[in-house]
Each structure stands twice: as structure tokens, then as C-alpha cells.
Amino acid sequence: MKVTQAWKRSSWKIKTLLILVSLYLLYALLGFFVAPGLVRDNARDALAELTGREVVISEVKINPLALSTTVKGFAINDEQTEVLLGFNQLYVNFEMSSLFRWSWHFRQVDLDGLTVRAQRNPGSVFNFDDVLQHIEAQLADSAEDVEPEPAAQDDGALPNISVGELALTNGDLRYTEAAGKEPHQLVLPVAFTVTNFSTVAKGENQNGYAIRLEGPDGGAFDWDGRFEFSPFLAQGRLSIEKVDLVSLAKLARDEVRFTVPSGELDLQTDYLFTTEPGTRVEVSNGELTLRELQIQKPGEEAPSVSVPALTMTGISVDSDKRDVSLPEVNLRQPEVNAVLNADGLDLATLFLPVDPEEAEQRKQEVKEKAQEAAERIQEAETVWVTRLGTLNVDGNTFRFTDRTLNPAQTVSLTEGEFTLKNLILGEEATFTWEGKAQIQEQGALTHSGEGQLAPLSVTAKAALSGLPLAPLSPWLEREAPLKVASGQLDLDLQSAVKGDGPNITVNGTASMDGFNLLEGGRPLIKVNKVQVKKLSLDTAAQRVRVGEIGLTGMDMLHRVDSQGRDASTRIEAAMPSGSGSSSSSAAASSSKPWQVTVDRVRLVGSQVRHEDLSLSPHFRIGLYQLSGTVSNLDTRSGSTARLDLNAQVDRYAPFSIKGRLSPEPLSTDMVVSLHNYEMTSLTPYTGLYLGYKVEKGQLGVDTEVTVEKNHLNSVSDILADQFYLGEKVPSEEAVRAPVKLGLSVLRSRSGEITLPVKMSGDLDDPSFSVSGMILKVLTNIVVKAATAPFSVLAGLAGGENLETITFEAGNAEVEAQTTGSLQALAKVLTAKPHLQIGLVGTTSAEDRTAIAGQAIGEDVAGDDWADIDVAVQEKKWRRKLIRRYESDYNRDVETLASAPLPEDDDERDAVLARSAWDAMVTAEAPSVDKAQLVELARLRSENAKAALVQQFQIEQSRVYLKESKVDGPVTGLTLTLEK
């Protein structure tokens, strides 16, 4: 009652003050005790509904007097990381004065212990994916329930919000990579402060910020500067120091095929970001330092890539101009170790995903992007212009190890230095470079050049000296049974690359010293020095031209093994299958052939040797002191090469070859000469084909060879001086003929055998072989001389074949015809004093007939008998012949007539007398006494020898009388040659 009365008696001022105090107390009570619980519960429920996750808020404190709020123990829970997003405490202090200046001003906003935790699981599923999906679903549902309202016009102005100090302390960002076999976590401590933040204020003292992130192993990320709104502008400096790349690389260890054992990164740069007049980013005064970076392939002892120090200074980027500038890049002692194994080159696969399908997709993407970039560079249409002022590489090392070889082989490039200047991508500009290196620790390489990328035009010089070739041999040995035992290569080249092709031209010289190539572990080619002068290559014209190839001290050995295989056959048989596949051959045949021209090949002090181990004994021959030239070698159709070569066969026999040669179509016209070659070296061939060793002899050959339209013709004059066969050797392939006798037939009075040999054959015929044809022709000549010697000697006898000498039937006297034949024989024996003749007296059926006729004639006419032709002319002899027939054979002579007899008596008797003669001779010839025939044959040989010795002065010791033969085909003498 008293209170009521007091209230009534109070003035309106007192009442107003009391009401305000009461409201203030109510406001304070609600703010201190009621509002925190409401805010905590409503915020927790709202966030839980929004995220679909359990949300925890431990405590909310509100100080209505200080207009501050404190939130403690906030967390969005996560089954995998415990907390998806959370913080220890959030303190917000709102300025009361904001209510009177139409702005939202916070004196202080402090966030302590912020943690954000993300985790990637197999299949690239993140632990927050469900939250995003839940939020998207809620937004979609709300969009369906609420009708769209007309869009209000927005003047684009930001609300006036300002913060005196915005700070984050004790924060961390945590990322867990759990997609691989073992999870790995990266923790980045984070803290930042922003002072005098305002959405509308401008000036150097407004909106300053400083952000710091600390790496897990001591690295630091500092980002400070200031920003403005309307339009937005941010500028400042970014600094990264001692960032440990090992921990960062562990996050991707299941995505790539390498690890990073060590590495640190520093980066400092000034930056500017603005949105007006357009979005623009500028980076300036950038510096990047990379220290002790190693990229290691698991299982390898040495890192694949090692970079002790990389520095980039003066880095600038301007997005408005689309310009990137790297004024200076220094790389110190980088080392690259590339390994080739059955899966390919490891450097090409280190950065690919482990999964094969993903790796293949990544390779295709990189290939497409590289192709696009190459096309843009060629057309000078790169989106950004990149400028590299100077690149210095000091002490670089590159090693390539090929483990597809057994044992593995390594090629190294060491002590490299390289400087590149003014390389610009996207503009026409000339760049230059120079460098040097050691190859295999012996070869010295220097190179330099200049050019531009768009349009492509590059010229370069390179010199290589003392490169050892033996370390490169294992790659050759894998493809063929060849080995480079020694050799050093020198090169001095100038090259140019131009156009879209690009077209490449190369000019220069090359030389090689001490080259030694083995085949199957045996010598194949040795060259003391090879010099290539005026070398030029042009890919546009597809042409290679060489001014001169000089070969000094070449020693080439061509060996036919015991199986009859030559070097090319053995090499081809030992090459990997598929090396000459039909597809590659078809591709090669469909492409335009290259034109290769060699102006001159010069040989000095060289030798080419041949040995055939398939023969017994082995055959060996060599061209020694080989010198001369082969000029105008050209693959063009119709071109003609010239040969002028001289040598000593087996170091003593002069040999030369001169002439022309056209490869396509094949044509040639050459003269080949060989003199005084000791034929004892030919024993392997004479033993095989003739059955005898060579006792002695010297060979000379002068040959003219022509080839036109792939048809070969050759005319050779072969001279074998004092050629004699010696000991007989067994050979199944030897001819069955008295070859020694044949050679005696061919041998002249002075001991020379001269053979004109002609050959002709189609080179397109697979069965045609030049060497085989030569042996066949020579063997045929010797065999013919042995088996038909008198046909060979016919030339000396005036064309008469003296194998037989004819006598008159039934007669042993040397008549005129027989004398002529004996005279021809004497001429042959005089020209061939080493020949001895055997005379075989022979009789034939004609002799029997003649002896039988002589006996019948003597029986009819006695000593008055002449011959049948005289007898039929006289009537008395006709009648006696007819009576003898009818008496001895008891037959009428007219039965012998096969045709009507003449009516004239004389003519009739002449026909009957001759018929009776023929019938009696035919009947009585077989019964001629054999002793009479033997005596006739003996007398013939004796009379012939007497004529040769007495009349033609032939030594009697060279003429032998041999056993007579009767009833043979020859009427007279058969001659044999005796050795």
C-alpha cells in the first residue's frame, strides 16, 4: 500500500527513471541469465538441422552491459575425425556507438582454438560430403515451398560493417589422406589478425591484416597487407619460409609413384588484387627458393631428381596483360637419374596415378594439352606471354640406366653448364643459349645457338670430341651379334630448324678414331680413322649429302662359318624377331625414299679379307694396301658411280678395278685385273671340286664386266702359269674326270693355260650366282679338256678333231688322208711338248667287209683282181662272180634281184654280178679271221708311229703303241693322251 501510495505521489520524472531502471534491470537479467540458454539451444538446433550432424555448444555467455558474447566449446561432430569444425572460444564485442552512426562496429572479435578437419577416403569421398548433400537438399526443398519474389534492385553497396580488431589464435587446419594403404595427416597451425577492418573505409590505416600459418616441421606462412571494399582491392606481401615439402608430398604418396625424402621451399612476393576496372592480379618482386629437393622412386638407391638449389628472382605476373616474367633463374648442381625398365621410362611415369586406368587417362589429357600448347606456340597465340630472362644451370648431371639390358648399362652426362637468355613464349623474340658437358666422363660436348619459337626458327652449333663408343655397344649388342670394342667419335655440326614441319638442316664434319667392331666376338671391321667431310642433311628435301668419306687403315674381315653362313646371314638370324616386321617395311616403302649422295669415298692403307671356314682346308684371301676412290655414289635413279681401286692380293699380287656403277637400274661397266696370284691358296676349292691339291701355279685374270637391265655379261682372259695339281684329296663333289690330263691339254708349250671365259646371266634369277657361275665355267672347261681333249686341241690342229685317225678300210698303209691327220697331230705335239700320245690300232665292220671282198676277188680273179667296180665292167669277171655265188650258196642269183632286171643282157649280168658280190661279202665278212684283224690294227699303229717319228720328227718316247682293238667303230686309229 505504501509503495502504491509512494508511486502515486511521485513525479513523472521519478516514475520515468524508475521504469527505465526496471527495464534496464530486466534487460540485464534476461541478458545474463535467460538469453545465453536460448541462443545456445536455438543455434545448436538450427546448425544441426542445417548440417545433418550433431552440434555441440558447451556454453554461451552474454554480457548485455558490455554488449559482448562468448561462445565456448563449439563443435560439429564427425565420426572419422571427431570434429569437423570447432573452436574453443569465440568472443565478440559490439560497440554501442554503432547504434547512433548507422553502422555495425565491433570493437573486438577473437576466435581461439579454431580447428577444421577434412579427410579423403578411398574413392575420393570426403568426410564432409554428406553435409554438403544435406544442405543442398534443404535448399532445394525451401526453393519449392517458397514462391519467388520479384528481385529487389540492389545498388551493389556493402553494409557498413567495421571491426577494430579481428584475431584468430591457436587455430589449426588438419587434412587426413586416407585413400591409400596407410593414412597420413597434415596439420597446419594458423593465426591471423585484422585491424581497423571496415567495408566502406579507405586508407593506409584501414583494413590491415596479418595471417600466419605454421607448418608441421617449422615452416611458416605469413600473409600481411590491407584491403578495401567498393571496389574491392587487396594488396600486401606473401611470405613462405622453410616449408617442408616432405610432409606435403606424403599427402599424395598414394596418387603418384614417388616420395620426397627432402626439400624446402621459400617464397616471397608482393601482390595486388583489384576488381575495377576489371579483375586484375599483379605479382611483383617475387623470389622463390627451392633447397635440397629430392624426388625418390621407391626401391631405388639414388633419387630420380635432385635439386640442391633453385632460385628465381624478380618474378612478376600481370593478369591484365597476361604476362609472366622470370628475370633470372639459377639452378645449381641438379641431378637426374632416369631408369628404363620393362614398364618404360620411370621419369615418364613418376607423376602418374598408381591406378593403371587413371594413369592412362592422365597421359591422354597431358598429351592433348601438350598438343594444344605446341599449336599455340607455333601460331604465336599463347594465352599468356611468358618471359624468361636468364636461366643458368651449373654443374648438372644426367644419368640414363637401361635395365632392359643384362647387365644394366648407364650413360652419363656430367659437369654440365647451360645458360639460356631471353626465351619468350607468346611473342616474336630471339633467344640464345650456350652450354657444355662431359659425356661418359671423356667426351667433351659444347653447344650454342639462337632462335625464336614463333615462327619456329633455330640455328645451333655443336661440337663433340672424344666420345667413347664402347659404352654404347650394349644397345647394339641387344639388336645384333655386334660389339663395339673401341672407338672415339668427334663431331662438329651446324644445324637449323625452321617451319611447322619442322624442317631440319644439318651441316658439318665427323671423324672416328680407333673404331673396332666385332661380330660374335671376332673381328669384323677395324678402322684407324674415319673422316666425314662436308656432311649435309635436309629433312625437307629428304636428302643426305657427304662430300668425302675417308677411310684410313680399314681392316674388314668377311667370314663364312663352318655352316656356310656369311656375316649378313648370321647377323640377320641373330636379330630379335619382328625387327623387320611387314608393317614397318610397308610403312617404309610407302614413304618417300631419302636421296643419299656421297661425292667420294677415299681409301688409304686399308685391307679387306675373306675366309671360308666351310671348306677344308679353310680358304683365305685378302686385298691388302687397298687404296683408291669411289666417287659419285648416289641413290638417285640413273646416277653413275666411278671406281678406281688398287690393292695387293695376299700382299704380293697386283689387283685393280676400274669402271662405272649405276645402282638403279643396275648397270655397270668395269675392268678387273689380277696378276701373279699364287694358286696354292686355291687348294680348298680345287680339292672340293677337282679332287686335288694345287702343287704350284700363278693366276692372272683380266675381266670386262657389263650389266644392263639386270643382265650380266662378262668376258675374261684367265692365265694360269705353271699350274699343276698335286696330291689327291677325297671329295664327294669332285668331278669324275682325269683333270690333270685336262690341264695338260690346256697347258701351252711354255706352261701357260689361257682360258677365254664368257658368262651371261639374269641377276633377277635367284638361282644365278656370279661366283658359282665362275666355278662352273672353269670346271666345265677342265672337265671337257680331260674327257674330250682332242676337241679342245682342235684349234691347234686346224679345227680337226684328232681323237681318231682314219685309214682306208682293210688297209694299214699311211695314205694321203692319213698323212694329213698325222701331220696335224704332230703340230699339236710340238705345241704341247708335255703331252704323250697313245695309238690304239682299231678295225671296224668296214675292215671285215674289205678283207672279205679281197678274199672273194682273189678267189675269182687271182692277182688280176682290181675291185668290184672294175669287175662288173668285164663279162668274164661277171660270169665268174655269178657262178661262184650259185655254186657256193646253191641258189639262183636271180633270186637276189628285188626289182625287174634290165632286158639288155650285159646290163642284166652287171646287176646280177654286183648283187652276188654284195651277198657273198655280207655273208663271209663275219667269218674273217680275228687274228687277221688284230694284225691289221697293229700294223696301222706301227705305221702311224713310224710316220710321226721319221717324217714329222716327234720323239719316239712320246708316242706309245697300245693294245689293238677289233670290231670297233673306228677304221684306223684311236688316240689317247698319256701323262
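Refer to the structure printed above.
Residues numbered from 1 in each chain as written. Predicted model: local features only at pLDDT ≥ 70, side-chain atom pairs only at ≥ 80, totals over all residues. Heavy atoms only, no water.

### Notes on the packing of aromatic side chains
Using the criterion set out here, one finds six aromatic pairs in the structure. The residue whose ring lies beneath Arg-651 is Tyr-624, and the NZ or CZ to ring-centre distance is 3.9 Å. (Phe/Tyr/Trp six-rings, centres within 6.5 Å; stacked < 30°, edge-to-face > 60°. Lys NZ or Arg CZ within 6 Å of the ring centre and 35° of its normal.)

### Brief notes about the pairing of strand β31 (residues 667–678)
Summarising the sheet, strand β30 (residues 653–662) and β31 pair through eight bridges and their orientation is antiparallel. Following the sheet pairing, Lys-658 is matched in β31 by Val-671. Two strands pair when backbone bridges link them, and β31 and strand β32 (residues 692–708) are joined in this way by nine bridges, in the antiparallel orientation. Paired with Glu-678 across the two strands is Gln-698, which belongs to β32. (Pairing = 2+ DSSP bridges. Helix = DSSP H or I, 4+ residues; strand = E, 2+ residues; numbered from the N terminus.)

### A word on the side chain of Glu-924
Here Glu-924 shows up in helix α17 (residues 905–924). For Glu-924, the side chain forms a polar contact with the side chain of Tyr-889, separated by 3.0 Å. Excluding its chain neighbours within four sequence positions, the residues that come into contact with Glu-924 are Ala-852, Ile-856, Arg-884 and Tyr-889. (Polar contact = N/O pair within 3.5 Å; in protein donor to acceptor, adjacent residues only side chain to side chain. Contact = heavy atoms within 4.5 Å.)

### Things to note about the packing of helix α13 (residues 816–831) against helix α18 (residues 930–951)
Where α13 meets α18, the axes come as close as 10 Å, and the angle between the chain directions of the two elements is 55°. Our classification of the angle between α13 and α18 gives oblique. Of the two possible hands of crossing, α13 and α18 adopt the one that is right-handed. Residues Thr-819, Leu-822, Leu-825 and Ala-826 of α13 pack against Ala-944, Ala-947, Leu-948 and Gln-951 of α18. (Axes fitted to C-alpha atoms, helices over the stretch in contact; angles between N-to-C directions. Parallel < 35°, antiparallel > 145°, perpendicular 65-115°, else oblique. Left-handed = near helix turned anticlockwise from the far one by under 90°.)

### Describing a nonpolar patch on the surface
Together, Leu-85, Val-116 and Leu-173 line one region of the surface with nonpolar side chains, adding up to about 190 Å² of accessible area. Tracing the chain through its elements places Leu-173 in strand β7 (residues 161–177). (Patch = residues over 30% accessible without salt bridge, like charges linked within 9 Å, V, L, I, M, F, W, Y side chains within 5 Å. Areas by Shrake-Rupley, 256 points an atom, 1.4 Å probe, with all protein chains shown as cover. Salt bridge = Lys/Arg side-chain N within 4 Å of Asp/Glu carboxyl O.)

### Here we look at the sheet that holds strand β37 (residues 959–965)
Within a sheet, each strand pairs with its neighbour through backbone hydrogen bonds, oriented either parallel or antiparallel. Strands sit in the order β35-β38-β36-β37 across an open sheet of four strands; the sheet is mixed. At either end of the open sheet lies a strand with only one pairing partner, and these are β35 (804–806) and β37. Along the sheet, successive strands turn relative to each other by an average axial angle of 25°, direction set aside. The pairing of β35 with strand β38 (residues 972–978) spans three bridges and is antiparallel. Of the residues in β38, the one forming a bridge with Thr-804 is Thr-974.

This is a description of form; function is not addressed.
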